[in-house]
Amino acid sequence: VQLQASGGGLVQTGGSLRLSCVVSGRTVNNLDMGWFRQAPGKEREFVSAIRRNGISIYYLDSVKGRFTVSRDNSKNTVYLQMNSLKPEDTALYYCAAGSTLITSTIRNHHQYAYWGQGTLVTVSS
């Protein structure tokens, strides 16, 4: 399984970006997909996840109401729509995939077997 993340960039506070994660090697509806981020000097942090059923969705509390995760099975792609961005959202964003996750571990990055290369999001104040 290979993941290719894109869509990062520089945006002002309050702006929007949409991250994409193209999956190859397996269909996206057979994988649990997650988005994580890592700011300089900080640990990798869970942002959002969408289970393979496409229904169970999870968010970091601080992004609820601002970020939306979605999936396009026809393009084998997962998206993270990020609105009302804040400077504290600045980080390298990674998409990740797993096939053996359970609900209690969906926010644990160690449980994901496959990772994309990361895309940088910078929010200026």
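In what follows, the structure referred to is the one given above.
Please read all numbers here as calculations on a predicted model, not as lab measurements. (Residues numbered from 1 in each chain as written. Predicted model: local features only at pLDDT ≥ 70, side-chain atom pairs only at ≥ 80, totals over all residues. Heavy atoms only, no water.)

A. Geometry of the overall build of the protein. Looking only at helices and strands, the protein features zero helices and 11 strands. Secondary structure elements in the protein, listed N-terminal to C-terminal, are β-β-β-β-β-β-β-β-β-β-β. Since a compact globule built from 125 residues should have a radius of gyration of about 14 Å, the 13 Å found for the protein is in line with a globular shape. Counting only C-alpha atoms, the protein reaches 40 × 30 × 25 Å along its principal axes. As displayed, the protein has an accessible area near 6,200 Å², and 48% of this comes from carbon and sulfur atoms. If the 13 positive side-chain charges of the protein are averaged to one point and the 7 negative ones to another, these points end up 6 Å apart. (Helix = DSSP H or I, 4+ residues; strand = E, 2+ residues; numbered from the N terminus. Rg over C-alpha atoms; globule rule 2.2 N^0.38 Å. Areas by Shrake-Rupley, 256 points an atom, 1.4 Å probe, with all protein chains shown as cover. Lys, Arg positive; Asp, Glu negative; His and termini not counted. Charge placed at Lys NZ, Arg CZ, Asp CG, Glu CD.)

B. Summary view of the state of the cysteines. Counted by the stated rule, this structure contains one disulfide. Two residues share a disulfide in this structure: Cys-21 and Cys-95, whose sulfurs sit 2.2 Å from each other. With the S-S dihedral at roughly 65°, the linkage between Cys-21 and Cys-95 falls on the right-handed side. Pair noted here: Cys-21 is in strand 3 (residues 17–24) and Cys-95 is in strand 9 (residues 91–98), with a separation of 74 residues, a long-range link. Both residues of the pair, Cys-21 and Cys-95, count as buried. (Disulfide = S-S within 2.5 Å. Buried < 20%, exposed > 50% of the residue type's maximum accessible area, 1.4 Å probe, protein only.)

C. Quick look at the side chain of Arg-37. By secondary structure assignment, the location of Arg-37 is in strand 4 (residues 32–38). The exposure class assigned to Arg-37 is buried, which follows from its relative accessible area of 5%.

D. How the structure looks around the pattern of salt bridges. Scanning the model with the defined rule gives six salt bridges in all. Put simply, Arg-37, Glu-45, Arg-66 and Asp-89 are held in one network by salt bridges that share partners. (Salt bridge = Lys/Arg side-chain N within 4 Å of Asp/Glu carboxyl O.)

E. Looking closely at the environment of Val-22. Structurally, the position occupied by Val-22 is in strand 3. Judged by its relative accessible area of 40%, Val-22 is partly exposed. Remark: the alpha-carbon pair of Val-22 and Leu-60, spanning 38 residues in sequence, is separated by 22 Å. Leaving out residues up to four positions away in the same chain, Val-22 has contacts with Gln-2, Leu-3, Gln-4, Asn-76 and Thr-77. (Contact = heavy atoms within 4.5 Å.)

F. Up close: unusual backbone geometry. Within the chain, Asn-76 stands out as a residue other than glycine whose phi angle is a positive 50°. With respect to the helices and strands, the residue Asn-76 is situated in the loop between strand 7 (67–72) and strand 8 (77–82). Judged by relative accessible area, which is 16%, Asn-76 ranks as buried. Phi is positive for Ser-84, which is not a glycine, with a value near 50°. Structurally, Ser-84 can be placed in the loop between strand 8 and strand 9.

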